Amino acid sequence: MNMPVVPTDIEKPSINPNAEIVLRKRYLRKGPDGNPVEDVQGMFWRVASAIASEEVKYAKSSFDVDRLAREFYSLMTSFRFLPNSPTLMNAGTELGQLAACFVLPVGDSMEDIFASVRDAALIHKSGGGTGFSFSRLRREGARVGSTGGVASGPVSFMKIFNTATEQVKQGGTRRGANMGILRVDHPDILKFISCKEREGELNNFNISVALTEKFMQAVEADEEYSLIAPQNGQEDGRLRAREVFALLVRKAWESGDPGIVFLDRINRDNPTPKQGEIESTNPCGEQPLLPYEACNLGSINLATIYDPNSDDGIDWDEFKRITHLAVRFLDNVIDASRYPLDKITETVGRNRKIGLGLMGWADLLFQLRVPYNSQEALILGEKVMKFLQAESKAASKILAEERGAFAAYDESTYADKKVGPYRNATTTTIAPTGTLSIIAGCSSGIEPLFALSFTRNVMDGEKLVEANPYFEQALRETESYSKALMEDVAKKGSIAHMELLPDDIRRVFVTAHDVEPTYHLKMQAAFQKFTDNAVSKTVNLPSSASEEDIREIYWMAYEMGCKGVTVYRDGCKASQVLCTGEAE
Ligand code: CDP
């Protein structure tokens, strides 16, 4: 592999120690002896130059490749924007697979099931995550014509996907992630809802039940609904909707799984319905995709657009500049990416979906001194997302003028509505930014901080300790800072109970558990309103929360227009990714 030469006149990135550890371990290119053959600066230059070089094939590009590479480099090394992990890992390398999100179909035959297992393994190997709907598989015990035997059903087959995933580390660096979805009217739905009830079972899957409008109406009216055999569309049993809903809630209370997705709503927003129905999302739920579709994501760090000298504390011009550059970056990523299957290359080429989102939202609120759980934050969240949506669409329009609209534009809903043309069938997605936020040193996605200071368990049992810089600064400014206090905060994560601290600090520096569950959901809904795809968000609940609390959250999510919802009751799983000192 030829590594690009880093120009001598560009600045070295300044990177925090936690980011350095993560990048060294998983992102830097390694030679045959396992040692890195690039440093952090080399990595960012490799990515910037590979993505900028895609520009040459477009005659009308207004950018010179070297100038654009430098702009991309500074966009990333100032941590204003980062593309999803596979792009950082693989751009400019032989593997060259740059997307984080894939959805694969699972057909109702041995050939189709095992083809899908193989395709998923190839995707995991390349660093991507996969989502599947298992709704087309006939139920457990149904007759299999060719052998006279009986079918194993969706849950049994999911175990095969799970085991295959276990054995393939993504890009040799991280284990694969999967989303498993089953329609609520599938005859095996009860089995599916309980399939993760034992800890460790299907550990490489997130699972979600796809709820339909019909089902939600049956819950509301307390009626039965029909289960449908996928192989022939005939009714195959009936269940009382409220009982199924109650089981869903109970299992989510016990373990956080399953989540729910509102399938009809996802399809209502499908920009290319002529290509078929969307039946699944990527592993973390933020990206609904058609079968064989992939999407690359990227996130703007809102902490970097804070401007104390502007009227409202936000540098909107800078936000616009970053957005336009990021859309160009992500559109180039599509061309630069080499997908593991021809069918994926075809589907991606038709729709050219990208998912630009945000991280550092909690940090921006800290800088603005606006509490996360306030009406002001909800209004600002909508405003920020509306701006990102509008500017990303404007940027996609400019690209369409330069390079042409996405191939399926004429049959898309945009053409019906006479908006566009756009270069990309979707432009916005709010990703979890699990690793990106560590690299950028900011709060993740649109989540509140989990703790003002906490221990993060990363792969191989390594632990990283982090304290929020805005919190520390505020304590110093009010002369409340002391080492003993910081140690105390690290134990609990939150300062809600610390009555001696100034009121305005306690009001502003809230953590996930200080935020009422309904505010978590309202924030999700505020961002969803202006997001093409979906919003990754966890509604955190205290361990004392009841099943009724979860039922209310699910119902509110439905009423507020969310595309899905994931709840997590503190302490309900033994190993948590994020924990405060006390929870360990
Ligand atoms: O921060 P990073 O780019 O690593 O990823 P993220 O925003 O936390 O997750 C975005 C998407 O990447 C997920 O929804 C998955 O599709 C994929 N992913 C994965 O395949 N495997 C992981 N271990 C983490 C994320």
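It should be noted that the structure appears before, not after, this text.
An account of the accompanying structure is given in this report. Just so it is clear, the model here is predicted, and its values are computed rather than measured.

Turning to empty space enclosed by the protein, a few remarks are in order. All told, the structure shown has 3 cavities of 30 Å³ or more when counted by the stated rule. Considered as a void within the structure, the largest cavity measures approximately 70 Å³ in volume. What lines the largest cavity is simply Ile266, Asp269, Asn270, Pro271, Ile278, Pro288, Lys353, Thr426, Asp532, Asn533 and Lys563. A breakdown of the residues in the lining of the largest cavity according to their chemical character gives 4 nonpolar, 3 polar and 4 charged.

What follows deals with the site of the ligand. Residues in close proximity to the ligand total 21 residues, the closest being Ser85, Asn282, Glu286, Thr433 and Gly434. Between Cys284 and the ligand, the recorded distance is 3.2 Å, taken from a backbone N or O atom to an oxygen atom. Between Thr435 and the ligand, the recorded distance is 2.9 Å, taken from a backbone N or O atom to an oxygen atom. Of the residues assigned to the shell around the ligand, the class counts are 9 nonpolar, 9 polar and 3 charged.

To continue, consider unusual backbone geometry. Along the chain, Asp257 connects to Pro258 via a cis peptide bond; the corresponding omega equals -5°. By the secondary structure assignment, Pro258 is in the loop between helix H9 (241-255) and strand E12 (259-262). Positive phi, normally seen in glycine, also occurs at Arg352, with a value near 45°. Exposure remark for Arg352: the relative accessible area of 7% places this residue in the buried category. Located in the positive-phi region is Lys418, a residue other than glycine, with phi close to 60°. By the element assignment, Lys418 lies in the loop between helix H15 (413-417) and helix H16 (436-440). In this structure Lys418 comes out as exposed when scored by relative accessible area, which is 72%.

Our focus in this paragraph is the environment of Tyr414. Considering the arrangement of structural elements, one finds Tyr414 in helix H15. By relative accessible area, Tyr414 is classed as buried at 9%. It is 29 Å that separates the C-alpha atoms of Tyr414 and Leu182, two residues lying 232 residues apart in sequence.

Tracing the sequence through the fold places Glu293 in strand E15 (residues 293-301). Polar contacts involving the side chain of Glu293 include one to the side chain of Asn351, which spans 2.9 Å. A polar contact of 2.9 Å, which involves the side chain of Glu293, links it to the side chain of Lys353. With sequence-adjacent residues up to four places away left out, Glu293 is seen in contact with Cys101, Phe102, Val103, Thr347, Asn351 and Lys353.

Okay, the packing of aromatic side chains next. Counted by the stated rule, this structure contains 25 aromatic pairs. Note on Phe262 and Tyr558: the rings are 5.4 Å apart at their centroids and 45° apart in plane angle, and the pair reads as tilted. Highlighted residues: Phe262 in strand E12 and Tyr558 in helix H21 (residues 547-559), separated in sequence by 296 residues. On the accessibility criterion, Phe262 (2% relative accessible area) is buried. Taking the relative accessible area as the measure of exposure, Tyr558 reaches 12% and is therefore buried. An angle of 75° between the planes, with centres 5.3 Å apart, marks the rings of Trp361 and Phe527 as edge-to-face.

Looking now at helix H5 (residues 110-125). Over its 16 residues, H5 extends 23 Å from the first C-alpha to the last, a length consistent with the 22 Å expected when each residue adds 1.5 Å. What H5 keeps buried is the set Ile113, Ser116, Val117, Asp119, Ala120, Ile123 and His124. Following H5 by one or two positions, Gly127 adopts a phi angle in the positive range, close to 100°.

This part is about a nonpolar patch on the surface. Together, Met110, Phe114 and Ile160 make up a nonpolar patch on the protein surface, roughly 270 Å² of accessible area in all. By relative accessible area, Ile160 is classed as partly exposed at 31%.

Burial analysis of strand E16 (residues 354-359) places 6 of its 6 residues in the buried class, which makes it a mostly covered element. Residues Ile354, Leu356 and Leu358 of E16 are buried on one face, and the alternating residues Gly355, Gly357 and Met359, pointing to the opposite face, are buried as well. Where E15 lies against E16, 6 bridges are found, and the strand directions are parallel. Bridge assignment links Asn301 to a residue of E16, and that residue is Met359.

Reading the values: rules and limits
Residues numbered from 1 in each chain as written. Predicted model: local features only at pLDDT ≥ 70, side-chain atom pairs only at ≥ 80, totals over all residues. Heavy atoms only, no water. 1 Å grid on protein atoms, 1.4 Å probe; cavity = no way out; pocket = protein on both sides within 12 Å on 5 of 7 lines; lining within 4 Å. Points joined across faces, edges and corners; volume = space filled by probe spheres on them. Nonpolar A, V, L, I, M, F, W, Y, C, P; charged D, E, K, R; others polar. Near = heavy atom within 4 Å. Polar contact = N/O pair within 3.5 Å; in protein donor to acceptor, adjacent residues only side chain to side chain. Helix = DSSP H or I, 4+ residues; strand = E, 2+ residues; numbered from the N terminus. Buried < 20%, exposed > 50% of the residue type's maximum accessible area, 1.4 Å probe, protein only. Contact = heavy atoms within 4.5 Å. Phe/Tyr/Trp six-rings, centres within 6.5 Å; stacked < 30°, edge-to-face > 60°. Expected span 1.5 Å × (residues − 1). Patch = residues over 30% accessible without salt bridge, like charges linked within 9 Å, V, L, I, M, F, W, Y side chains within 5 Å. Areas by Shrake-Rupley, 256 points an atom, 1.4 Å probe, with all protein chains shown as cover. Salt bridge = Lys/Arg side-chain N within 4 Å of Asp/Glu carboxyl O. Pairing = 2+ DSSP bridges.

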